[in-house]
Amino acid sequence: MSAEFEMIAELTDGLAFGSDVRLGPGDDAAVLVPRGDIVITTDVLIENVHFKRAWSSAFQTGRKAVAVNVSDIEAMGAEPSAVVIGLAFPRNLDRRWVSDFQEGVVEECARAGVSLVGGDLSSSAHIALGVTALGNLSGRPAVTRAGARAGDQVAVCGRLGCSAGGLLVLQRGFGSPKDLVLEQQCPTVPYGQGKVAAEAGATAMIDVSDGLLQDLGHICELSGVGIDVRTGALKIHDSLARLAAATGKDPLGFVLAGGEDHALAATFPAEVGLPQGWLRIGTVTAGAEVIVDGMPWTGSVGWDHFA
Ligand SMILES: Nc1ncnc2c1ncn2[C@@H]1O[C@H](COP(=O)(O)OP(=O)(O)O)[C@@H](O)[C@H]1O
Ligand SMILES: Cc1ncc(C[n+]2csc(CCOP(=O)(O)OP(=O)(O)O)c2C)c(N)n1
Ligand SMILES: [Mg+2]
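All of the points below concern the structure found in this document. (Residues numbered from 1 in each chain as written. Chains lettered and ligands numbered in written order. Predicted model: local features only at pLDDT ≥ 70, side-chain atom pairs only at ≥ 80, totals over all residues. Heavy atoms only, no water.)

All residues in the neighbourhood of ligand 1 are listed as Asp43, Asp72, Arg145 and Ser209. Asp43 places a polar side-chain atom, nitrogen or oxygen, 3.3 Å from an oxygen atom of ligand 1. In isolation ligand 1 has 560 Å² of accessible area, and contact with the protein removes 28% of it. A per-class count over the shell around ligand 1 returns no nonpolar, 1 polar and 3 charged. (Near = heavy atom within 4 Å. Polar contact = N/O pair within 3.5 Å; in protein donor to acceptor, adjacent residues only side chain to side chain. Areas by Shrake-Rupley, 256 points an atom, 1.4 Å probe, with all protein chains shown as cover. Nonpolar A, V, L, I, M, F, W, Y, C, P; charged D, E, K, R; others polar.)

Here you go:
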């Protein structure tokens, strides 16, 4: 067998599949049994842009590749079902990196409740990952970015600011606070909460990947509304407060604009009781943009690949 096919056989040996997988890896394409409308999303992760081998283990990178993609499925109010992963890496990369990466992929797939149903391998100068995730709506409508209405509550579920704090720690050559670094190496996605929010009546939803203010701005733009964020309602994790104090930074900067949180942000009608684990952080207004404590925000709103 060629080295490539041997590797594929190793990577796909012993995978477990959900009940909606008719055919997994090994053929030209996988076959899934849909439950209602299907949602599909893709994100690439590039070495030295999204992760560094010196900062994250292969296992953590495998987990992150799945987590950041499934997070978009959650944000549509869907139940994650399957992922396919394209993996390109240098010919001389230690094969151990690839097998550890795959262990991380399999671990996160189990946490997220998805089946790995296919992929692709290629050689390349740097490690590049392309992940596509699918989810089922089971008869529910998708929760888009376009449904927020003035008067709605704005709420989040998940951790804000920790991943960006961890990035700063790593950039400065440190390894602690450990909880922040772990969040950067692989964000904690609130799996299952997308469907919970949808069933609770969420009117719009997004996963926070580029920074809370920037991502809430997408809801404003597509819903034709404004959002007023109340900073007093935001949770600032203890270790983030310590990092901010030690580096002379405003902890709110991490929480409002850090990015890679993969928390869910959603809007709910005013009369709805928020599901457990969701924190109200603001209100949808009749305006047209995101404001903070009633004022325009002059700081960074988040990550831009091409700025
Ligand atoms: N190269 C592309 N071709 C087609 N659609 C794209 C492309 N890049 C991004 N999009 C679409 O633009 C929207 C915003 O993309 P992005 O900011 O990456 O969203 P997210 O933060 O949810 O990953 C998504 O609906 C995505 O599918
Ligand atoms: C080596 C390295 N440098 C910088 C970052 C920070 N960073 C990279 S991408 C990104 C934003 C999220 O990525 P993106 O590709 O925009 O995801 P999407 O919004 O499409 O889900 C951030 C904060 C990082 N994680 N690793
Ligand atoms: Mg994207």
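Here we take up the site of ligand 2. Neighbouring residues of ligand 2: 15 residues in total, closest His50, Ser209, Asp210, Glu260 and His305. In this structure, an oxygen atom belonging to ligand 2 sits 2.8 Å away from a side-chain N or O atom of His50. Contact distances for ligand 2 include 2.7 Å between an oxygen atom and a side-chain N or O atom of Ser209. Protein burial of ligand 2: of its 600 Å² of free accessible surface, 86% is covered by the chains. Looking at the shell around ligand 2 residue by residue, the classes come out as 5 nonpolar, 5 polar and 5 charged.

On to the packing of aromatic side chains, then. Tallying each qualifying case throughout the model produces 2 aromatic pairs. Ring geometry for Trp97 and Phe101: centres 5.4 Å apart, planes at 15°, overall stacked. Taken together, the residues span about one helical turn, with Trp97 and Phe101 both in helix 3 (residues 95–112) at a distance of 4 residues. Aromatic pair Phe268 and Trp278: ring centres 5.5 Å apart, planes at 80°, arrangement edge-to-face. Placement of Phe268 in strand 10 (residues 263–268) and of Trp278 in the loop between strand 10 and strand 11 (279–285) is noted, with a sequence separation of 10 residues between them. (Phe/Tyr/Trp six-rings, centres within 6.5 Å; stacked < 30°, edge-to-face > 60°. Helix = DSSP H or I, 4+ residues; strand = E, 2+ residues; numbered from the N terminus.)

Taken as a whole, this structure holds 11 salt bridges when the rule is applied. Here Lys195 ties to Glu79 by a salt bridge, and the two come within 3.8 Å at their closest N and O atoms. Note that Lys195 is positioned in helix 6 (residues 193–200) and Glu79 in strand 4 (residues 79–89), a separation of 116 residues in sequence. Here Glu79 falls in the partly exposed class, since its relative accessible area comes to 25%. One salt bridge connects Glu107 with Arg111, and the closest N-O pair in it is separated by 2.8 Å. Remark: Arg111 and Glu107 occur in helix 3; sequence separation between them is 4 residues, near one turn of the helix. Counted as one network, the salt bridges with shared partners bring together Arg63, Glu107, Glu108 and Arg111. (Salt bridge = Lys/Arg side-chain N within 4 Å of Asp/Glu carboxyl O. Buried < 20%, exposed > 50% of the residue type's maximum accessible area, 1.4 Å probe, protein only.)

Formed by 36 residues in total, the largest nonpolar core has its most connected members in Leu160, Leu212, Leu216, Ile227, Val229, Leu234 and Leu256. Other than its neighbours up to four places away in sequence, Leu212 contacts Val156, Leu160, Leu234, Val255, Leu256, Ala257, Ala265 and Ile281. One finds Ala65, Val66, Val70 and Leu93 within the second-largest nonpolar core, a separate group that totals 32 residues. (Core = buried A, V, L, I, M, F, W, Y, C linked by side-chain atoms within 4.5 Å. Contact = heavy atoms within 4.5 Å.)

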